[in-house]
Amino acid sequence: MVTFHELTEDDVEAVSIIESETFSMPWKAADFLEMINLDYAYYIVAKENGVPIGCCGVRNMCGDGEITNVVIQKNHRRKGYARQMLRYLMENARHRGVRRYTLEVRRSNEAAIALYEELGFKCEGVRPNFYEKPVEDALIYWLRD
Ligand SMILES: CC(C)(COP(=O)(O)OP(=O)(O)OC[C@H]1O[C@@H](n2cnc3c(N)ncnc32)[C@H](O)[C@@H]1OP(=O)(O)O)[C@@H](O)C(=O)NCCC(=O)NCCS
């Protein structure tokens, strides 16, 4: 069974391993540790039987929530966990004053784009060559009230 929890110090090592398996410029445990100590950031972890299988987070910028680090471990994908995890994140962030959500995604990332659009996010802009390793445009998505 998969459950969602606020990310704690105990989870940052496991979550950084999932990041390194997934992204070309992964966050380290220290990066997550820094985030969970900020009062305007809220990070969550998805766990199957107590073991981390994914994470995501949001930074509250005056009511605009910047969602980052959305990931589900490869062998757990296409089971609806990212959708559930993002809904959990947004519901809880709403209680912390987040009113709108924004995120960046690689133009070629069809899985993530399909996920965000299914959740109601709309593409409102492009940042050319925003990403490195490899260089690629970022699409800017927003979910407004
Ligand atoms: C993007 C990611 C988080 C999706 O996680 P997931 O748990 O597999 O997603 P879900 O099972 O919740 O999928 C929800 C919906 O998103 C869409 N979707 C997810 N993966 C998809 C894929 N590979 N192809 C097309 N649509 C996809 C579908 O609409 C899906 O609904 P459906 O399964 O009922 O058709 C996962 O693929 C991942 O970790 N990718 C690598 C990291 C990454 O790219 N993160 C995003 C950075 S911006």
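Up top you'll find the structure we're talking about.
It should be emphasised that the depicted structure is a prediction, and the values quoted were computed from it without experimental measurement.

### Here's the deal with the overall build of the protein
At step 1: Regarding its fold elements, the protein presents four helices and seven strands.
At step 2: From first element to last, N terminus to C terminus, the protein shows the α and β order β-α-α-β-β-β-α-β-α-β-β.
At step 3: Relative to the compact-globule value of 15 Å for 145 residues, the protein shows a C-alpha radius of gyration of 14 Å, a close match.
At step 4: C-alpha atoms of the protein, sized along the principal axes, occupy 35 × 35 × 30 Å.
At step 5: The buried share of the protein, reckoned over its 145 residues, is 28%.
At step 6: For the protein, the proportion of contacts with a sequence separation of at least 24, taken over those separated by at least 6, is 55%.

### Remarks on the sheet that holds strand β3 (residues 51-61)
At step 1: Reading across the sheet, the seven strands line up as β1-β2-β3-β4-β5-β7-β6 and stay open at both edges, with mixed pairing between neighbours. The two strands at the open ends of the sheet, each matched to only one other strand, are β1 (2-6) and β6 (122-131). Pairwise comparison of adjacent strand axes, ignoring direction, gives a mean angle of 25° for this sheet.
At step 2: By the bridge criterion, six bridges tie strand β5 (residues 100-106) to strand β7 (residues 136-143) in an arrangement that is antiparallel. What sits directly across from Tyr 101, in β7, is Leu 143.
At step 3: Seen against the sheet, helix α1 (residues 12-22) touches β2 (41-48), β3 and β4 (64-72) and runs at an angle of roughly 90° to β3.

### Describing the site of the ligand
At step 1: Lining the immediate environment of the ligand, one finds 19 residues, of which Arg 77, Ala 82, Ala 111, Ala 114 and Leu 115 sit closest.
At step 2: The set of elements that each furnish at least two residues to the shell around the ligand consists of β4, α3 (81-94) and α4 (110-118).
At step 3: The biggest single contributor to the shell around the ligand is α4, with six residues.
At step 4: Of the residues contributing to the shell around the ligand, the split by class is ten nonpolar, three polar and six charged.

### Some words on the environment of Gln 73
At step 1: Of note, Gln 73 is situated in the loop between β4 and α3.
At step 2: Expressed as a C-alpha distance, the spacing of Gln 73 and Leu 38, which sit 35 residues apart in the sequence, is 25 Å.

### Quick word on the pairing of β5
At step 1: A one-sided burial pattern is seen for β5, the buried positions being Tyr 101, Leu 103 and Val 105 and the unburied ones Arg 100, Thr 102, Glu 104 and Arg 106.
At step 2: As paired strands, β4 and β5 are joined by three bridges and run parallel to one another. The partner of Gly 65 across the bridge, within β5, is Tyr 101.
At step 3: In terms of handedness, the path from β4 via α3 over to β5 forms a crossover that is right-handed.

The rules we used
- Residues numbered from 1 in each chain as written.
- Predicted model: local features only at pLDDT ≥ 70, side-chain atom pairs only at ≥ 80, totals over all residues.
- Helix = DSSP H or I, 4+ residues; strand = E, 2+ residues; numbered from the N terminus.
- Rg over C-alpha atoms; globule rule 2.2 N^0.38 Å.
- Buried ≥ 20, exposed ≤ 12 C-beta atoms within 10 Å, placed from the backbone.
- Contact = placed C-beta atoms within 7 Å.
- Pairing = 2+ DSSP bridges.
- Axes fitted to C-alpha atoms, helices over the stretch in contact; angles between N-to-C directions.
- Near = placed C-beta within 6 Å.
- Nonpolar A, V, L, I, M, F, W, Y, C, P; charged D, E, K, R; others polar.
- Right-handed = clockwise from strand over helix to strand, strands pointing away.

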